[in-house]
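The chain contents come next:
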Amino acid sequence: MESLGEYLRRQRELKGFSLRDLSEKTKIGVNYLKCIEENRFEKIPGNVFVKGFLRLYANSVGLKEEEVLGIYHDQYERKEKENEKKEDTGQKLVTEKHRRLPLWLWAIPFFIIAFALFMVIPQKKKDIPIPASSKQVMESIKPEPPRVVSGDIPKDLTLSIMATEETWIKIIIDGMEVKEALMRSGDEVSFTAKKNFGLTIGNAGGVKIRFDGKEVEPLGPHGRVIRNLVLSREGKTSSSPLRVIDPKGRGLR
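Below or above, wherever it landed, is the structure these notes cover. Keep in mind the model is a prediction, meaning the values are calculated, not measured.

## Details of helix H2 (residues 19-26)
The set of residues buried in H2 consists of Leu19, Leu22, Ser23 and Thr26. In an axial view of H2, the angular spread of the buried residues amounts to 105°, which keeps them on one side of the axis. In H2, the exposed positions that point more than 90 degrees away from the buried face belong to Arg20 and Glu24. The inward-facing, buried residues of H2 abut helix H1 (4-14), helix H3 (30-37), helix H4 (47-60) and strand S2 (167-173). With its phi angle positive at about 65°, Lys27 sits one or two positions after the end of H2.

This is the structure:
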């Protein structure tokens, strides 16, 4: 039976798209596209991201979203749930087996411990005299009080994004880890970082953002694309000039 990844790769090749072409079309990283075609869905962070990427992939090669998501459910989600159920059942059987042990078997360790304690003959400890020179050394040593290091330890930064409309987002965490997703209305994702977040948002008016527990003011109207936005402890900044693009593709400052 053809796997979901094989099916999608075949449809992409029929359309004449390379992975790079599809990446530019869907805004999904090439590495994530490879994970999809190799059925390594566990490498994609979160089920929301997996389904969002599958929707984008399906639309880009002319497939129906429902068909692709249905195959994913049948081939992977259902199997994962069945495996979890088997693991739970196996754990229950092991627990039941232990519960069925005769009571006298549970008592054996206690008998062994009691017998060993009974056989041990207690001996009085003898005080070993300490030479005078050793006493002087010990008296000269005073215990040092524990050292307390004070100071505030920076907490992790938090970022929550809730979609009120369909939008695509790309998040760069601490300049290294990249997250991408197609979000539908009602979807919500959260992230943590040590230093900062870099944001690209396909629909500025379609998201609500909370940064470090505070709501971020609206970034723009519906349909505008926000690029190079950086959120850090210092506030909302930009590592390069903030670029806002309106739906017609004209750059704004």
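## Overview of the side chain of Glu65
Relative to the helices and strands, Glu65 resides in helix H5 (residues 65-99). By relative accessible area, Glu65 is classed as buried at 17%. Within polar-contact distance, the side chain of Glu65 engages the side chain of Asn59 at 2.8 Å. For Glu65, the side chain forms a polar contact with the side chain of Arg184, separated by 3.0 Å. Dropping the residues within four chain positions of it, Glu65 is found in contact with Arg55, Ala58, Asn59 and Arg184.

## Overview of the nonpolar core
Among the nonpolar cores identified, the biggest contains 51 residues, and Leu8, Leu54, Ile161, Ile171, Phe197 and Leu199 are the most heavily contacted of them. Top contributing element to this core by residue count: H4, with seven residues. The residues contacting Leu54, other than those within four sequence positions of it, are Leu4, Leu8, Ile36, Phe41, Val68, Leu69 and Tyr72.

## A short note on the layout of surface pockets
Looking at the largest pocket, its volume works out to about 190 Å³. In terms of lining residues, the largest pocket is bounded by Arg20, Ser23, Glu24, Lys27, Ile28, Gly29, Trp168, Lys170, Glu180, Thr200 and Arg227. Elements that contribute at least two residues to the lining of the largest pocket include exactly H2 and S2. In terms of residue count, H2 provides more of the lining of the largest pocket than any other element does, three residues in total. Split into classes, the residues belonging to the lining of the largest pocket amount to two nonpolar, three polar and six charged. Lining the second largest pocket are Asn39, Phe41, Glu42, Ile44, Gly46, Asn47, Val50, Tyr72, Tyr76, Glu77 and Glu80. Listing elements by their share of the lining of the second largest pocket, those giving two or more residues are H4 and H5. Examining the composition of the lining of the second largest pocket, we find that four residues originate from one element, H5, more than from any other. Of the residues assigned to the lining of the second largest pocket, the class counts are five nonpolar, three polar and three charged.

## Thoughts on the environment of Ile172
Position of Ile172 among the secondary structure elements: in strand S2. Since its relative accessible area comes to 30%, Ile172 is described here as partly exposed. When the C-alpha atoms of Ile172 and Asn196 are compared, they prove to be 8.4 Å apart, with 24 residues separating the residues in sequence.

## A word on the packing of aromatic side chains
Tallied over the entire structure, the rule returns seven aromatic pairs. Look at Tyr32 and Phe53: their rings are 5.4 Å apart centre to centre, the planes differ by 40°, and that puts the pair in the tilted class. Residue Tyr32 is located in helix H3, and its partner Phe53 is located in helix H4; the two are separated by 21 residues in the primary sequence. Since its relative accessible area comes to 15%, Tyr32 is described here as buried. Taking relative accessible area as the criterion, Phe53 reaches 0% and is therefore assigned buried. Between Phe49 and Phe191 the ring centres are 6.3 Å apart and the planes differ by 65°, which places this aromatic pair in the edge-to-face class. One end of the pair, Phe49, is in helix H4; the other, Phe191, is in strand S4 (residues 188-193), and 142 residues separate them in sequence. We classify Phe49 as buried; its relative accessible area is 6%. Phe191 sits in the buried class, given a relative accessible area of 9%.

The rules behind each value
- Residues numbered from 1 in each chain as written.
- Predicted model: local features only at pLDDT ≥ 70, side-chain atom pairs only at ≥ 80, totals over all residues.
- Heavy atoms only, no water.
- Buried < 20%, exposed > 50% of the residue type's maximum accessible area, 1.4 Å probe, protein only.
- Helix = DSSP H or I, 4+ residues; strand = E, 2+ residues; numbered from the N terminus.
- Arc of directions from axis to C-beta.
- Contact = heavy atoms within 4.5 Å.
- Polar contact = N/O pair within 3.5 Å; in protein donor to acceptor, adjacent residues only side chain to side chain.
- Core = buried A, V, L, I, M, F, W, Y, C linked by side-chain atoms within 4.5 Å.
- 1 Å grid on protein atoms, 1.4 Å probe; cavity = no way out; pocket = protein on both sides within 12 Å on 5 of 7 lines; lining within 4 Å.
- Points joined across faces, edges and corners; volume = space filled by probe spheres on them.
- Nonpolar A, V, L, I, M, F, W, Y, C, P; charged D, E, K, R; others polar.
- Phe/Tyr/Trp six-rings, centres within 6.5 Å; stacked < 30°, edge-to-face > 60°.

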